Amino acid sequence: MRKFLTWLFVTPLVLVLVTFAAANRHEVTVSFDPFMAKDPALSRDIPLFLLLVLTAALGVVVGGCAVWLGQRHWRRAARRHEADARAARGELAGLRAQAAAAKPEAQRLPVPSGVGLYGPIGRDKQRATL
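Residues numbered from 1 in each chain as written. Predicted model: local features only at pLDDT ≥ 70, side-chain atom pairs only at ≥ 80, totals over all residues. Heavy atoms only, no water.

Let's talk about the overall build of the protein chain
Here's step 1: What the protein chain contains, in helices and strands, is 3 helices and 2 strands.
Here's step 2: Walking the protein chain from its N terminus toward its C terminus, one meets helices and strands in the order α-β-β-α-α.
Here's step 3: Long-range pairs, those at least 24 residues apart, make up 13% of the contacts in the protein chain between residues at least 6 apart in sequence.
Here's step 4: Total accessible area on the protein chain stands at roughly 11,900 Å², and carbon and sulfur atoms take up 67% of it. (Helix = DSSP H or I, 4+ residues; strand = E, 2+ residues; numbered from the N terminus. Contact = heavy atoms within 4.5 Å. Areas by Shrake-Rupley, 256 points an atom, 1.4 Å probe, with all protein chains shown as cover.)

What about a positive patch on the surface?
Here's step 1: Together, Arg 72, Arg 76, Arg 79 and Arg 80 make up a region of like positive charge exposed at the surface.
Here's step 2: A relative accessible area of 44% means that Arg 76 is categorised as partly exposed. (Patch = residues over 30% accessible without salt bridge, like charges linked within 9 Å, V, L, I, M, F, W, Y side chains within 5 Å. Salt bridge = Lys/Arg side-chain N within 4 Å of Asp/Glu carboxyl O. Lys, Arg positive; Asp, Glu negative; His and termini not counted. Charge placed at Lys NZ, Arg CZ, Asp CG, Glu CD. Buried < 20%, exposed > 50% of the residue type's maximum accessible area, 1.4 Å probe, protein only.)

Points about the side chain of Asn 24
Here's step 1: Take Asn 24: it is sitting in the loop between α1 (2-23) and β1 (27-31).
Here's step 2: Overall, the relative accessible area of 15% leaves Asn 24 in the buried class.
Here's step 3: With residues near it in sequence (within four places) discarded, Asn 24 still touches Leu 48 and Phe 49.

So, a nonpolar patch on the surface
Here's step 1: Taken together, the side chains of Met 1, Phe 4, Leu 5, Leu 8 and Phe 9 define a hydrophobic patch exposed on the protein surface, amounting to about 590 Å² of accessible area.
Here's step 2: Along the chain, the position of Met 1 falls in the segment before α1.

Some points on α1
Here's step 1: The terminal C-alpha atoms of α1, which comprises 22 residues, lie 32 Å apart, in line with the 32 Å expected from a rise of 1.5 Å per residue.
Here's step 2: Judged by how many residues are buried, α1 sits mostly at the surface: 1 of 22 residues are covered. (Expected span 1.5 Å × (residues − 1).)

A closer look at the pattern of salt bridges
Here's step 1: In this structure the tally under the stated criterion is 2 salt bridges.
Here's step 2: One salt bridge connects Glu 82 with Arg 86, and the closest N-O pair in it is separated by 3.5 Å. With Glu 82 and Arg 86 both in helix α3 (residues 72-102), this residue pair falls 4 residues apart, about one helical turn.
Here's step 3: Among the salt bridges present, the one from Arg 89 reaches Glu 82, with a minimum N-O distance of 3.5 Å.
Here's step 4: Taking the relative accessible area as the measure of exposure, Glu 82 reaches 36% and is therefore partly exposed.
Here's step 5: Several salt bridges converge on common partners, so that one network encompasses Glu 82, Arg 86 and Arg 89.

A look at the confidence of the model for the protein chain
Here's step 1: The predicted model of the protein chain has a mean per-residue pLDDT of 84, with 82% of residues at 70 or higher.
Here's step 2: Taken element by element, the protein chain is modelled with least confidence in α1, mean pLDDT 86, and with most confidence in α3, mean pLDDT 94. (pLDDT = per-residue confidence, 0-100.)

Here's the deal with the side chain of Asp 33
Here's step 1: Relative to the helices and strands, Asp 33 is located in the loop between β1 and β2 (43-47).
Here's step 2: Within the structure, the side chain of Asp 33 is placed 3.3 Å from the backbone nitrogen of Phe 35, a separation counted as a polar contact.
Here's step 3: Not counting the four nearest positions on each side in its chain, Asp 33 is found in contact with Pro 40, Ala 41 and Leu 42. (Polar contact = N/O pair within 3.5 Å; in protein donor to acceptor, adjacent residues only side chain to side chain.)

Okay, structure coming up:
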């Protein structure tokens, strides 16, 4: 189902991006010099679709970094809880080993043959067959 939904959304998105790229092939000047607007020293001529795609990709990366940094508290808490759980499991295993070593093995009594909880095996209180 996941692959179907991926194809359902990705295919139209790719078609829209390819159409957009074909329609916007003309070049635009991108300037990184805020002081000289007429003749910028740091400028580049790139296709418009490339500018928009790179801007969107940069936005995705910056947004992902912001979310990752914002969740550092939860990752730290998860690591701490995992360490506590690991320590508790180790302590429990040690206590179980101590209890097993200190407790002698219980002697089991044989089960009486032919007699169940309410009488003969295979019947309930009213002597109906189970």
